[in-house]
Amino acid sequence: MAKKLKVIGTPVPKQDANIRVTGKAVYGHDITLPNMLHGAILRTEHPSAIIQSIDLSEAKKLPGVVCIITADDVDVNNIGYKRDHPILKKGEANCTRDEIAAVAAETKEIAKQALELIKVKYKVRKGIYDANDALKDSAPQINKFISGKFENKNIAETFHYEHGNLEEAKKNSAHIVSRRFTLPRMTHACMATSNVTASFNKVDKKLLMYSSTQVPFLYQRDMAHALKMSPSDIRVIQPIIGGGFGSKLDIHPFEPICALLSMKTGRPVQILFSREEEFIASPIRQPMVIDLTAGVDKKGNFTFREINILKDNGAYTSWGATTPFVIMQSFSSLYKLKACKFNATAVYTNNVFAGSFRGYGNPQATFALERVIDLLADKIGMDKAEIRLLNANEKGEVTGQGLHFDTCGHKECLETVIKKSNYNKKVIAKQDARFKKGIGLASMLHVGGGAKIYRSDGCGTTLKIDPYGYCTIISGSNEIGQGSETVLAMMAAEELGIDLKKIKVINTDTDVKPWDVGVHASRTSFVAGNSLLGAIKILKEKLSKKASELMNSSHSEFDYENGQIVSVKSKDSIALDKVVREMHFSEPNELAIASFFYEPSSKFQDKNFKGNVSGSYAFASQAIEVEVDTYTGNVKVLDIYVAQDVGKVLNPLLLGGQIEGGLLQGVGYALTEELLMHEGKILNPNFHNYKMLTASDIPDIHFFPIETNDKEGPYGAKGVGEAPLIPTAAAIANAVCNALGVEFVELPLTPERVLKAISLSKINNNHHNLISL
Amino acid sequence: MKKIKYNKEILHDISFFLNEKKVSCQIKASTILLDLIRDVFELKGTKPGCHEGECGACTVLVDGAPVNSCLFLAINANGKKITTIEGLINTDGSLHPIQETLVEKGAVQCGFCTSGMAMSIKAMLNQYENAQHVPGDIIQDLPTREEIKKYLEGNLCRCTGYTKIIDAAEELFKQG
């Protein structure tokens, strides 16, 4: 019997918004500790160079400089996903970000001045700035810290996956399309720049890090490895985090550097990035070249996909190198597919290295895949909506990769956006001579119930109720602005019948909170929610037992509402806080406390990447209408119709915020955002030249949540955070191609690229052309 | 090469109203208003987003008009009225309608842009209110959604996609 929900599903405003909107929230930038020093990092002048000497003498003389460190001064391990990244660089520089020295000084200004006084002699080398060049025999080995298990010295990582009979599927194809897609560098551009405050206590040898990390327990472990400490001697406290989007999944050199400065000086040290430093030295979305060959039979069924990806890994390996793990899921399993062969290779270069970024490789994959689907539809003369509906995933499907779609809203998402956008009429709309309208479709598949890429994808919760009837949720999960604290509080309010104002969430301190793998993979509502519900169930059993005793009844079924525990049978009730007091203060004395560790039912995939990696899967479709100014090349996104299988709407207000925010990041990826590099240096490290969208650029968004009620999810919910931006660039590109009758294989669709496409198509008498600029 | 000089900068006396309270201090001519507010007066609600006038996170009001406090020399605050996000809240701790509406409309996610957004919205409301009170002025209509978007162009946000922030601003104009 499903109980009617009172809190879940309602538009509760973010519970922590009040402190943020009044300026009272304490971000990393706002922390000041007694006796605190300010750190600054000297980065290389050249992306590829031999470091011949470092002269610190002048810098050390500057009054106010307390400590300067270089690689020679520290005894540390490498960091990074493959432990191939020295914290401070010795002997050579391989990337424009490379940390050569670090200063701790009494003021920010003195720290900066000291950097200018450090004299480094470089012997500049010719760097490798193209992944193809790195694979040549003549190329030098760029990263010297890898084991060399691959055939080429500059290969950082490879991924191979396949299912089905590829050769047979090729034979059964009526048409085959091959394209090469090139994806740009995009950066997170969190509104708060990277920041950390480290405080090492020389007496007890414990390190306290105020860090904006998204993965505090992995951070603690990795930091301990880097600094040769015990993880438990490192306490990680997360202040309010000014934007994450995946950028804080890796630990970055500035964090152990800050710790080292604090260990050397015995004083707290703070490092804050300038905006320029943020553009240069914080992670990016992976650039990659995707070769995709795909087939379709004469009825329009997709037959096979063959994918080769070359990823520019940059000089060191971050979690970003593992994005093929997600990319291959879309290629193998988005739309029904008989055969798939996937290869991805990450290659070291002297460029900047990527990190993880909301969508984790999926926007790149979905762009290539959904573009090719349009081309396949054209080849067989089938409508672009029809071919997608024909091949859409279905409930109960087990894909070639072994993903179990126990619930699946793919078809419903497609049908919804096709209908709501009036797709069938717009696709053949009459055109103005200058302003051409077009509409494009794209879908996406993403993990919706965590992703088991570590041994555990779990989350712990400790729950307590105090003698005044207030509830404290101590959750392993993390708040990065997305609203997880509010969603957890809503679940507790729903289940315990307590007012939202009486619920507190403690989730920022590794010394206090139970283990969790971090905020990523759209997992928090799903995994932390299930963990909380598990703890609530245990606690309610204790409370109900006591209530039954106090009522002198044999009743075991109780409702929790309005702060009361109410017998379902007799309707007798007792106040929750009274039950807690009786538990605490009368024999046998007991705390109103419970703990639970939730581990999703998902499986760690085998070495062939087969297996049901998530507890649930999210689907979404978008239909996007654009208007292209054929005189200027400007693309205006008019309307975005988005239907997303969210399982169950937990909070429509916060869900809307995730959708709108994600979509605009997707529009930026499609149209304006590109971190430009030339020979290893970043050309546009500021908001003036890196074009993030503004309030004026927003399209009209029409959102239709699709509720498939996944039995694994809390109240049926699935993960929602990453999905909104994944198909956006694909749908926009399809719309622009629809408007102009041209083809694009690169992002972003800047006015220059659009104009060039138009002029080439005129030259070639409106034949479809492959545009590569 | 010119040698960098330390500890020899001349200090200047300034006084101004900070959130309606008269304050005085000695500053270097090069001190920017953002640093003065955050580091000297320890009002941390004004956020440093870029220090180059591009993101709007540090927006404060100088005599009611919005400025990027990262580009405003503190010495020019002398004699003026400076309002920061801390000055918006009512004295009893209750939220200003701008803050309340931003919360209710779901316009706050990470919140790092929010102080600047709130101050820009405040400036736009001020401008609208002043226009209303100019005798003979015929501006009567509420600003359009497009005008609100244009006004908030100088405030970047990475989380929300702006929609709910614009919804909140629109609601505030309707409330009057």
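Please read these numbers as outputs of a predicted model, since none were measured by experiment.

Chemist: I keep staring at the interface of chain B and chain A and nothing clicks. Help me out?
Modeler: It is common to give the size of an interface as the accessible area lost on bringing the parts into contact. Opposite the 45 residues of chain B that make contact, chain A presents 55 residues. Roughly 4100 Å² is buried in total at the junction of chain B and chain A, and carbon and sulfur atoms are behind 60% of that figure. With a closest N to O distance of 2.7 Å, Glu673 of chain A and Arg158 of chain B form a salt bridge. In this structure, the connection of chain B to chain A is made through 21 residue pairs in polar contact (both at pLDDT 80 or more). Those elements giving two or more residues to the side of chain B that touches chain A turn out to be α1 (33-40), α2 (97-104), α3 (114-133), α4 (145-151) and α5 (163-175) of chain B. Broken down by element, the residue count for the side of chain B that touches chain A peaks at four residues, all from α2 of chain B. Counted by class, the side of chain B that touches chain A contains 20 nonpolar, eleven polar and 14 charged residues.

Chemist: How should I be thinking about the sheet that holds strand β23 (residues 564-567) of chain A in this particular structure?
Modeler: Remark on secondary structure: sheet strands pair via backbone hydrogen bonds, oriented parallel or antiparallel. Residue and element names in this part refer to chain A. Strand order across the open sheet formed by three strands is β22-β23-β24, with antiparallel pairing between neighbours. Edge strands, defined here as strands with exactly one partner in the open sheet, are β22 (558-561) and β24 (573-575). Averaged over all adjacent pairs, the angle separating strand axes in this sheet is 20°, with direction ignored. Summarising the sheet, β23 and β24 pair through three bridges and their orientation is antiparallel. Residue Ile565 lies in a different strand from β24, and its bridge partner there is Ile574.

Chemist: Would you explain the sheet that holds strand β8 (residues 175-183) of chain A in this entry?
Modeler: Residues and elements named next belong to chain A. The strand order across the open sheet built from five strands is β7-β17-β16-β15-β8, with neighbouring strands paired in mixed fashion. At either margin of the open sheet sits one strand with a lone partner, and together these are β7 (155-163) and β8. When the angles between neighbouring strand axes are averaged without regard to direction, this sheet yields 5°. One ladder, built from eight bridges, connects strand β15 (residues 288-296) with strand β16 (residues 302-314); its direction is antiparallel. Paired with Ile290 across the bridge in β16 is Ile309.

Chemist: It is not clear to me how the nonpolar core should be interpreted in this structure. Could you clarify?
Modeler: Proteins that are soluble and globular tend to have nonpolar side chains buried together. With 167 residues, the main nonpolar core has Ile290, Phe331 and Phe342 of chain A together with Leu102 of chain B as its most contacted residues. Ignoring anything within four residues of it in the chain, the contact list for Phe331 of chain A reads Ile290, Leu292, Arg305, Ile307, Ile309, Leu337, Cys340, Phe342, Ala365, Ala368 and Leu369 of chain A. Judged by nonpolar contacts, the second largest core, of 45 residues, contains Val7, Val487, Val505 and Val527 of chain A.

Chemist: Would you explain the confidence of the model for chain A in this entry?
Modeler: A low pLDDT means the predicted coordinates there should not be read in detail. Of the residues in chain A, 98% reach a pLDDT of 70 or more, and the chain-wide mean stands at 96. Overall, residues 766-773 of chain A carries pLDDT values under 50, and its contacts beyond four positions in sequence, including any with other chains, amount to 20 contacts.

Chemist: Looking at this model, I keep getting lost on helix α18 (residues 728-740) of chain A. Mind explaining?
Modeler: Since the α-helix turns once every 3.6 residues, residues separated by three or four places project in the same direction. Residues and elements named next belong to chain A. In a regular helix each residue adds 1.5 Å, so 13 residues correspond to 18 Å; α18 covers 18 Å between its end C-alpha atoms and thus fits that length. Counting buried positions along α18 gives twelve out of 13 residues, so the element sits mostly inside the fold. Along α18, the positions that sit buried rather than exposed are Thr728, Ala729, Ala730, Ala731, Ile732, Ala733, Asn734, Ala735, Val736, Cys737, Ala739 and Leu740. Just beyond α18, the residue with positive phi is Gly741, at close to 70°.

Chemist: Explain the environment of Glu582 of chain A here, please?
Modeler: Residue and element names in this part refer to chain A. Relative to the assigned elements, Glu582 resides in helix α16 (residues 576-585). Spatially, the C-alpha atoms of Glu582 and Leu207 are 41 Å apart, while their sequence positions differ by 375 residues. Ignoring anything within four residues of it in the chain, the contact list for Glu582 reads Lys546 and Leu550.

Chemist: What's the story with the pairing of strand β21 (residues 503-506) of chain A in this structure? I'm lost.
Modeler: Along any regular strand, the residues point their side chains to alternate faces of the sheet. All names here are of chain A. Across the two faces of β21 the burial differs, with Ile503 and Val505 buried and Lys504 and Ile506 not buried at all. Bridge count for strand β20 (residues 471-475) against β21 is four bridges, and the pairing is parallel. Paired with Ile474 across the bridge in β21 is Ile506. Note that the unit made of β20, helix α14 (residues 484-496) and β21 has a crossover that is right-handed.

Chemist: Mind showing me how you'd approach the pattern of salt bridges here?
Modeler: Side chains that differ in charge, positive against negative, can pair when their charged atoms come close. Overall, the coordinates contain 53 salt bridges over all chains when judged by the stated rule. Here Glu479 of chain A ties to Lys14 of chain A by a salt bridge, and the two come within 2.9 Å at their closest N and O atoms. Remark: Lys14 of chain A occurs in the segment before α1 (17-21) and Glu479 of chain A occurs in the loop between β20 and α14; sequence separation between them is 465 residues. Overall, the relative accessible area of 8% leaves Glu479 of chain A in the buried class. The closest approach of N and O atoms between Asp167 of chain B and Arg145 of chain B, which form a salt bridge, is 3.0 Å. Of the two residues, Asp167 of chain B sits in helix α5 while Arg145 of chain B sits in helix α4, which places them 22 residues apart along the sequence. By relative accessible area, Asp167 of chain B is classed as partly exposed at 25%. Among the charged side chains, a network of salt bridges with common partners joins Lys14, Asp16, Arg20 and Glu479 of chain A.

Cut-offs applied
- Within any chain, residue numbers begin from 1 and follow the written order of that chain's sequence.
- Each chain gets a letter, beginning with A, and each ligand a number, beginning with 1, in the order they are written.
- Given that the model is predicted, a residue must reach a pLDDT of at least 70 before its local features are reported, and side-chain atom pairs must reach 80 or more before they are shown or counted; all residues, however, enter totals for whole chains, interfaces and linings.
- Neither water nor hydrogens contribute to the side-chain values; these are computed over all heavy atoms in the structure.
- Contacts are residue-level and defined by heavy atoms, with any inter-residue pair within 4.5 Å sufficient.
- By buried area we mean the combined loss of accessible area, with a 1.4 Å probe, across both parts when two parts are placed together.
- When a carboxyl oxygen of Asp or Glu lies within 4 Å of a side-chain nitrogen of Lys or Arg, that pair is called a salt bridge.
- Whenever a nitrogen or oxygen atom comes within 3.5 Å of another N or O atom, the pair is scored as a polar contact, on the condition that within protein one atom can donate a hydrogen and the other can accept it, and that pairs from neighbouring residues in sequence are kept only if both atoms are in side chains.
- Secondary structure elements are taken from DSSP: a helix is a run of H or I of four residues or more, a strand is a run of E of two residues or more, and numbering for both begins at the N terminus.
- Charged residues are taken to be Asp, Glu, Lys and Arg, nonpolar residues to be Ala, Val, Leu, Ile, Met, Phe, Trp, Tyr, Cys and Pro, and polar residues to be all remaining types, Gly included.
- We treat two strands as partners when DSSP finds at least two bridges between them.
- In this analysis an axis means a line fitted to C-alpha atoms, helices contributing only their contacting stretch, and an angle means the value between N-to-C directions, from 0 to 180 degrees.
- Definition used in this section: a nonpolar core is a set of buried Ala, Val, Leu, Ile, Met, Phe, Trp, Tyr and Cys residues joined via side-chain atoms within 4.5 Å.
- For the exposure calls, accessible area comes from a 1.4 Å probe over protein chains only, and a residue counts as buried if that area is under 20% of its type's maximum, exposed if over 50%, partly exposed in between.
- The pLDDT value expresses, per residue, how confident the predictor is, ranging between 0 and 100.
- By this rule the span expected of a helix is its residue count minus one, scaled by 1.5 Å.
- Handedness of a crossover is defined as follows: with both strands directed away from the viewer, a clockwise route from the first strand across the helix to the second makes it right-handed.

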